[in-house]
Amino acid sequence: MAATRVLLLLSGRAESPGFAHSVCRLLGAGPGLGPWSTHCGLKRGRLVLSDEPLPGASTRLPLQVGKRGPGAGRRELAREAGGRARAAQTRPPPPASRGAARINSDGHPRQRSPFCPFAALEQQFGARAAELPTNRGVDLGVAVILQSSDQTVLLTRRTSTLSVSPNLWVPPGGHVELDEELLDGGLRELWEESGLQLPQGQFSWVPLGLWESAYPPRLSWGLPKYHHIILYLLVVSQESQQQLQARIQPNPSEVSAFMWLGPDVAAAVAATEDGTETPRHLPQELPPSVLAVELEEDGGTRPLALPMSTLLRTTPTTAEGKERVSTGTKFALRLWLQHLGR
């Protein structure tokens, strides 16, 4: 089995969750709405989650597994945008490490999806779980919610040719490499996908929360092939949206468009709960579209008026490549808005 990327401490006993195991269930997530606060620590390339306080530098993060969907029972929240395969890069190497990305004591949540396939498989008493890999564990990913000085956040649309989560709007992110610090991994992913390098001393950061991710995101799409815990980081730049956008050079092998969301639109997107029968109340004065930037085949860009209805789509019950915002991204946007005090 590959090196353990996610390690659980359950009543002080170390356990490496297998691919088919629901991390949120192992940590004691109940049938409520979540998210659930979890003790969290990160050593190079490894995330440690515990049901008890950890010694040394640690934090309590919201681990979101999920809400009840129609007929879902005890489900766990999944983020479709996890499991990103990295394309070979031709750009110069990213800037040197910003130092150890240690997490200070604080409180944050965890969550999973209302239709988490791992929770559904466990409810089937292992009948189909036997078909899942037994020599793989749960992988570790990081995603960056980049906030400009004028309080907008960057989302990118994954290309339609990607085998995992095509056409999804997500923040920049991907795998954390072995022996890579948390912040360095997030900044590397930001650079690889958007071309943005943030000058030292001109940004601050804080961990927002954890998301248990599966792909495919629904059991009705097929058995899961990827299982990640995604750590969302809020990185606050001192530069404005205009200054950051002037330096963006999206990687066309992964990104087909990008946009900036302000708090009002982000709140509407975050309120469209995947897996719920009744959507939350949405503001009546939403714009009909949001301005985005789309990449062209010749390497140029063009403005794109993205319909608001696209951003408000929820996860379909059958596999399809329709453009939408990922479930995990909605969770991260909710945490961002809470951080802003909204």
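Each value, and the rule that gives it
Residues numbered from 1 in each chain as written. Predicted model: local features only at pLDDT ≥ 70, side-chain atom pairs only at ≥ 80, totals over all residues. Heavy atoms only, no water. Helix = DSSP H or I, 4+ residues; strand = E, 2+ residues; numbered from the N terminus. Contact = heavy atoms within 4.5 Å. Areas by Shrake-Rupley, 256 points an atom, 1.4 Å probe, with all protein chains shown as cover. Core = buried A, V, L, I, M, F, W, Y, C linked by side-chain atoms within 4.5 Å. Buried < 20%, exposed > 50% of the residue type's maximum accessible area, 1.4 Å probe, protein only. Polar contact = N/O pair within 3.5 Å; in protein donor to acceptor, adjacent residues only side chain to side chain. Axes fitted to C-alpha atoms, helices over the stretch in contact; angles between N-to-C directions. Parallel < 35°, antiparallel > 145°, perpendicular 65-115°, else oblique. Left-handed = near helix turned anticlockwise from the far one by under 90°. Nonpolar A, V, L, I, M, F, W, Y, C, P; charged D, E, K, R; others polar. Expected span 1.5 Å × (residues − 1). 1 Å grid on protein atoms, 1.4 Å probe; cavity = no way out; pocket = protein on both sides within 12 Å on 5 of 7 lines; lining within 4 Å. Points joined across faces, edges and corners; volume = space filled by probe spheres on them. pLDDT = per-residue confidence, 0-100. Salt bridge = Lys/Arg side-chain N within 4 Å of Asp/Glu carboxyl O.

Asks: Help me out: how do you make sense of the overall build of the chain in this one?
Replies: Across its full length, the chain holds seven helices and 16 strands. Taking as baseline every contact in the chain between residues at least 6 positions apart, the subset at least 24 positions apart corresponds to 77%. Here the chain has roughly 14,100 Å² of accessible surface; of this, 50% comes from carbon and sulfur atoms.

Asks: Just checking my understanding: could you explain the nonpolar core for this structure?
Replies: Side chains of a nonpolar character, in soluble globular proteins, are inclined to be buried together. In terms of nonpolar packing, the biggest core is built from 39 residues, with Leu 49 and Leu 146 touching the most fellow members. Core analysis: the second largest hydrophobic core is formed by 33 residues, Ile 230, Ala 266, Val 269 and Trp 336 among them.

Asks: Would you explain the side chain of Glu 15 in this entry?
Replies: By the secondary structure assignment, Glu 15 is in strand 2 (residues 13-15). According to the relative accessible area criterion, Glu 15 is buried, its value standing at 19%. In terms of polar contacts, Glu 15 uses its side chain to reach the side chain of Arg 13, at 3.2 Å.

Asks: Whenever I open this one, the packing of helix 5 (residues 263-270) against helix 7 (residues 327-340) confuses me. Can you help?
Replies: The description of two packed helices rests on the angle between their axes and on the distance between the axes. Contact pair helix 5 / helix 7: the axes reach a minimum separation of 9 Å and the direction vectors enclose 135 degrees. Comparing the axis directions of helix 5 and helix 7 gives the class oblique. For the element pair helix 5 and helix 7, the recorded crossing hand is left-handed. Where helix 5 approaches helix 7, its residues Pro 263, Ala 266, Ala 267, Val 269 and Ala 270 are matched on the opposing element by Lys 330, Leu 333, Arg 334, Trp 336, Leu 337 and Leu 340. Residues that form the contact of helix 5 with helix 7 fall into these classes: nine nonpolar, no polar and two charged.

Asks: Before we go on, may I ask you to explain helix 7 in this structure?
Replies: The periodicity of an α-helix, 3.6 residues per turn, causes residues three or four places apart in sequence to face the same way. The end-to-end C-alpha distance of helix 7, which contains 14 residues, comes to 20 Å, matching closely the 20 Å that a straight helix rising 1.5 Å per residue would cover. With respect to burial, helix 7 is a largely interior element, eleven of its 14 residues being buried. Among the residues of helix 7, Thr 327, Gly 328, Thr 329, Lys 330, Phe 331, Ala 332, Leu 333, Arg 334, Leu 335, Trp 336 and Leu 337 are the ones counted as buried. Within two residues after helix 7, Gly 341 carries a phi angle of roughly 80 degrees, on the positive side.

Asks: Quick question: what am I supposed to make of the layout of surface pockets here?
Replies: The probe, sized like a water molecule, is rolled over the atoms to show the empty space still left. Volume-wise, the second largest pocket comes out at about 250 Å³. What lines the second largest pocket is a set of 13 residues, among which Pro 252, Leu 295, Glu 296, Glu 297 and Gly 300 lie closest to the centre.

Asks: Where do I start with the side chain of Asn 251 in this structure?
Replies: By secondary structure assignment, the location of Asn 251 is in the loop between helix 4 (241-247) and strand 13 (255-261). For Asn 251, a relative accessible area of 7% translates into the label buried. A polar contact of 2.7 Å, which involves the side chain of Asn 251, links it to the side chain of Ser 253.

Asks: Even after reading the chapter, I still don't get the confidence of the model for the chain, so can you show me in this structure?
Replies: Reading fine detail from the predicted coordinates is not recommended where pLDDT is low. Per-residue confidence for the chain averages 81 on the pLDDT scale, and 76% of its residues sit at or above 70. Confidence over residues 66-107 falls short of pLDDT 50; this stretch has 185 contacts with residues more than four positions distant or in other chains.

Asks: Explain the pattern of salt bridges to me, please; I cannot follow it from the model alone.
Replies: The full count for this structure, using the stated rule, is twelve salt bridges. With its nearest N and O atoms 3.1 Å apart, the salt bridge here joins Glu 323 to Arg 157. With a gap of 166 residues between them, Glu 323 in the loop between helix 6 (308-311) and strand 16 (324-325) and Arg 157 in strand 8 (residues 153-158) connect regions that are remote in the sequence. Neither Glu 323 nor Arg 157 differs from the other in exposure class; each is buried. Among the ionic pairs, Arg 342 bridges to Asp 264, the shortest N-O distance being 2.6 Å. On the criterion of sequence distance, the pair formed by Arg 342 in the segment after helix 7 and Asp 264 in helix 5 is long-range, its members being 78 residues apart. We note that Arg 342, like Asp 264, is exposed. A single salt-bridge network, built from bridges that share partners, covers Arg 157, Glu 294, Glu 296, Arg 302 and Glu 323.

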